[in-house]
Amino acid sequence: MSISVDEIKWLAKLSKLDFDDERAAAFSGDFDEIVEFADRINSQIAGDTTKIREVGGSEIAFADLRKDEVKESLPVEKVTSNVVSEGGYFTVRRVVK
Amino acid sequence: MKYELVSGLETHVELATATKIFCSCTTAFGGAPNTHCCPVCTGQPGALPVLNKRVVEFAIRAGLALHCKINTVTHLDRKNYCYPDLPKAYQISQFDKPLCEHGYVELESGKKIGITRIHIEEDAGKLVHDRGFTFVDYNRGGVPLIEIVSEPDISSPEEAREYVEKLQLIMRYLAVSDCKMQEGSMRCDVNISLRPEGADYLGARTEIKNMNSMSFIEKAMEYEYSRQAEILSSGGKVEQATMRYDEHTGETYVMRTKEDAQDYRYFPEPDLPTIIIPEEEVQKAQASLPELPLEKLKRYRDMLQLSDHTARQLYKYKAVCDFFESCINSGASARNSANLITGAIYSRFATEEQKEKFSLPFDAAQFAELVKLLDSGKINPTLAQMTLSKMLTNGGKVSDYISTEDVKGVDEGELEKLCREAIAANPQAVADFKAGKEKAISALYGYIKRATQGKADIRAADAIIKRLL
């Protein structure tokens, strides 16, 4: 299966990335390899994606889910220590006009 | 051409758990920005989500109350989208295996609005747009939600309103959410399409996002119906779009069209295991469901013999029902209890929210004591009203306001004497009554009430007066 330049551009848009034609073409080749690898994995699990979970073997019984008990949150200084912040808020470029 | 409206609702309900869905941070409303946060709910690399058991319990309760089938093997999925309200750039939700499916909500008319599915997911953070920036607060990020998706069975704005009101009341009865639309703990996306009356296909639909008031839902639907009808009548095509409702102009506007539709690229959430729910847990939840609103309304009318109007005034508020039932369980009559609650007590509450909270300066036991005095005829309705009014203002016990003397009322000999006095003092009223004006007798009641400061039993006085006349 090959991934077209248009599909790469669509994925780039969803990922908020800006690709020119040259870059998109290069990615198209890389993606082919990635998808081929994914196909190989799929062929091992006979196309049943639910088996992906079984591969990890992860199931949890209802009784073992987390109890609804509050624990202390982090201090706001720590939460915002690696980001641009103002007044305790994470601050990003305005996302609406 | 006449068009019929076809609508389905997606309703988000915040669950009243103590902690978030995937971490142990508090879900308390408000708080200084980003003070209810940890590595999990801010999406730090390597932090792993751990599912809150109560979220699953609450969702199962909601599902059972809405007559859904519970999927006892279920899992969570990633819904990818890139927006600052989601720190991970994906929301953990459910896609192909929701916890609950195939239920319904029954309207008063008997019509059933199908529930396609109910799934659990995490809420997003709150954005504040100011100057050239967007400020992000993740306190709400990770608060548990259920999304209740209806079938396109709704045919009018009135039905939509009734459906949302019913959902809200059921969730409150179950105590799984406070469903405060004004605080955002219940919000709806409304899907609307039109088709020629009698047609069996679905037209192109628009979706109005994030409605947080019943009346806005109705108004937005009315507006959208007119807008789409106008397009179709003039031979145009309705464009599939996501819209917003502007409450100031009363109009809907396009947020994004089909071309900009989101591609969420759902896939199974690898950080969370498949959940296995034993059948016994579902049965236990079914057995623990409380009496639901429609059953309660029916019981109030049929078993307690309350009028439809009174029963409806009570059943709309869960806290009122609890108070009322505690009162009648103490032996007070349903009728007098209901009348005093919907009369004197409701008159003190200006807003719906106050009735929902139903906070009183006395408990149900004290109120029941007052009602029982009234039931037994030891005090009359006037004295009961006067006492209740004082209790509402100052709190305290019935005995603070009604003495043993009051309870004794006026003995029969004394009452007859007063009736004779009332007749003598009101010759005109007596003459009018004898001439057939039944209402004239109220002048005599007034005389007796004044003379006894409301302590006399007017029903007993009425019998004596009629005998004397």
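In this text the structure is predicted, and so the values were computed from the model without any measurement.

## Examining the overall build of chain B
- Of regular secondary structure, chain B possesses 16 helices and 16 strands.
- Here chain B has a C-alpha radius of gyration of 29 Å; the compact-globule value for 469 residues is 23 Å, and the former is much larger.
- Oriented by its inertia axes, the alpha-carbon framework of chain B measures out at about 90 × 55 × 50 Å.
- In chain B, buried positions account for 39% of the 469 residues.

## Examining the overall build of chain A
- Along the backbone of chain A there are four helices and three strands.
- Listing each helix as α and each strand as β along chain A from the N terminus yields α-α-α-β-α-β-β.
- Relative to its full complement of 97 residues, chain A shows a buried share of 8%.
- Sequence separation of 24 or more characterises 23% of the internal contacts of chain A that already satisfy a separation of 6 or more.

## Overview of the environment of B:Arg140
- Its location among the elements puts B:Arg140 in the loop between β9 (133-137) and β10 (144-150).
- Taking the C-alpha atoms as reference points, B:Arg140 and B:Arg195, 55 residues apart in sequence, are found 39 Å from one another.

## Topic: unusual backbone geometry
Residue and element names in this part refer to chain B.
- Residues other than glycine seldom take positive phi values, yet Ala89 does so here, at roughly 70 degrees.
- Mapped onto the fold, Ala89 is located in the loop between β4 (77-80) and β5 (90-93).
- Residue classification places Ala89 among the partly exposed residues on the basis of 14 C-beta atoms within 10 Å.
- Even without glycine at this site, Arg131 takes up a positive phi of about 50 degrees.
- In this structure, Arg131 sits in the loop between β8 (126-130) and β9.

## Some remarks on the pairing of β10(B)
All names here are of chain B.
- The buried fraction of β10 is high, at five of seven residues.
- In the sheet, strand β1 (residues 3-14) pairs with β10 via five bridges, with the strands oriented antiparallel. Residue pairing across strands places Thr11 opposite Ile148, the latter belonging to β10.
- In the sheet, strand β7 (residues 112-122) pairs with β10 via seven bridges, with the strands oriented antiparallel.

## Description of the interface of chain B and chain A
- Residue-level contacts link 41 residues of chain B with 34 residues of chain A.
- Elements represented by at least two residues in the side of chain B that touches chain A include exactly α1 (53-65), β9 and β16 (274-276) of chain B.
- With five residues, β9(B) is the single largest residue contributor to the side of chain B that touches chain A.
- When the residues that make up the side of chain B that touches chain A are grouped by side-chain class, the tally is 22 nonpolar, 14 polar and five charged.
- Here strand β3 (residues 89-93) of chain A runs beside β9(B); their pairing, made up of four bridges, is antiparallel.

## What to know about the confidence of the model for chain B
- In this model, chain B carries a mean pLDDT of 91, and residues with pLDDT of at least 70 account for 98%.
- Quick note on the complex model: pTM equals 0.82, ipTM equals 0.79.

## Looking at the domain arrangement of chain B
- Each assigned domain of chain B is listed with its residue range as follows: domain 1 (3-284), domain 2 (291-408) and domain 3 (412-468).
- Here the C-alpha centre of domain 3 of chain B lies 64 Å away from the C-alpha centre of domain 1 of chain B.

## Here we look at the packing of α1(B) against helix α2 (residues 157-174) of chain B
All names here are of chain B.
- Two numbers describe how α1 lies on α2: the axes approach to 10 Å, and their chain directions differ by 130 degrees. Taken as axis vectors, α1 and α2 run oblique relative to one another. Between α1 and α2 lies a crossing of right-handed hand. Each of Arg61, Ala62 and Ala65 in α1 lies in contact with α2, whose residues at this interface are Ile170, Met171 and Leu174.
- Broken down by class, the residue content of the contact of α1 with α2 amounts to five nonpolar, no polar and one charged.

## Here's the deal with the nonpolar core
Residues and elements named next belong to chain B.
- With 71 residues, the main nonpolar core has Ala59, Ala62, Ile118, Ile146 and Val190 as its most contacted residues.
- Setting aside residues up to four positions removed in sequence, Ala59 forms contacts with Leu99, Cys100, Ile118, Ile120 and Ile146.
- Residues Tyr300, Val320, Ala338 and Leu388 belong to the second largest nonpolar core, which totals 31 residues.

## Regarding the sheet that holds strand β2 (residues 85-86) of chain A
- Taking strand neighbours across the sheet as the criterion, the four strands line up as β2(A)-β3(A)-β9(B)-β8(B) in an open arrangement whose pairing is antiparallel. The open sheet has two edge strands, β2 of chain A together with β8 of chain B, and neither has a second partner.

## What about the sheet that holds strand β15 (residues 267-268) of chain B?
Residues and elements named next belong to chain B.
- Strand order in the open sheet formed by three strands is β5-β4-β15, and the pairing between neighbours is antiparallel. Looking at which strands have only one partner, the edges of the open sheet turn out to be β5 and β15.
- Pairing between β4 and β5: four bridges, direction antiparallel. Along β5, the bridge assignment pairs Asp77 with Ser93.

## Examining the pairing of strand β13 (residues 241-246) of chain B
Residues and elements named next belong to chain B.
- Residues Ala241, Met243 and Tyr245 point to one face of β13 and are all buried, whereas Thr242, Arg244 and Asp246, pointing to the other face, are not buried.
- Bridge count for strand β12 (residues 206-211) against β13 is three bridges, and the pairing is parallel. The residue of β13 that forms the bridge with Glu207 is Thr242.
- Considered for its hand, the β-α-β crossover made up of β12, helix α3 (residues 214-233) and β13 is left-handed.
- Pairing between β13 and strand β14 (residues 251-257): six bridges, direction antiparallel. Bridge pairing in β14 places Tyr245 opposite Thr252.
- Linking β13 to β14, which pair antiparallel, is a turn of four residues; within it Gly250 sits at a positive phi near 75 degrees.

## Looking at the environment of B:Lys466
Residue and element names in this part refer to chain B.
- Note on placement: Lys466 falls in helix α16 (residues 458-468).
- The exposure class assigned to Lys466 is exposed, which follows from the 11 C-beta atoms found within 10 Å.
- As a C-alpha pair, Lys466 and Phe95 span 371 residues in sequence and 75 Å in three-dimensional space.

Calculation notes
- Residues numbered from 1 in each chain as written.
- Chains lettered and ligands numbered in written order.
- Predicted model: local features only at pLDDT ≥ 70, side-chain atom pairs only at ≥ 80, totals over all residues.
- Helix = DSSP H or I, 4+ residues; strand = E, 2+ residues; numbered from the N terminus.
- Rg over C-alpha atoms; globule rule 2.2 N^0.38 Å.
- Buried ≥ 20, exposed ≤ 12 C-beta atoms within 10 Å, placed from the backbone.
- Contact = placed C-beta atoms within 7 Å.
- Pairing = 2+ DSSP bridges.
- Nonpolar A, V, L, I, M, F, W, Y, C, P; charged D, E, K, R; others polar.
- pLDDT = per-residue confidence, 0-100.
- Domains from an automatic or database assignment.
- Axes fitted to C-alpha atoms, helices over the stretch in contact; angles between N-to-C directions.
- Parallel < 35°, antiparallel > 145°, perpendicular 65-115°, else oblique.
- Left-handed = near helix turned anticlockwise from the far one by under 90°.
- Core = buried A, V, L, I, M, F, W, Y, C linked by C-beta atoms within 7 Å.
- Right-handed = clockwise from strand over helix to strand, strands pointing away.

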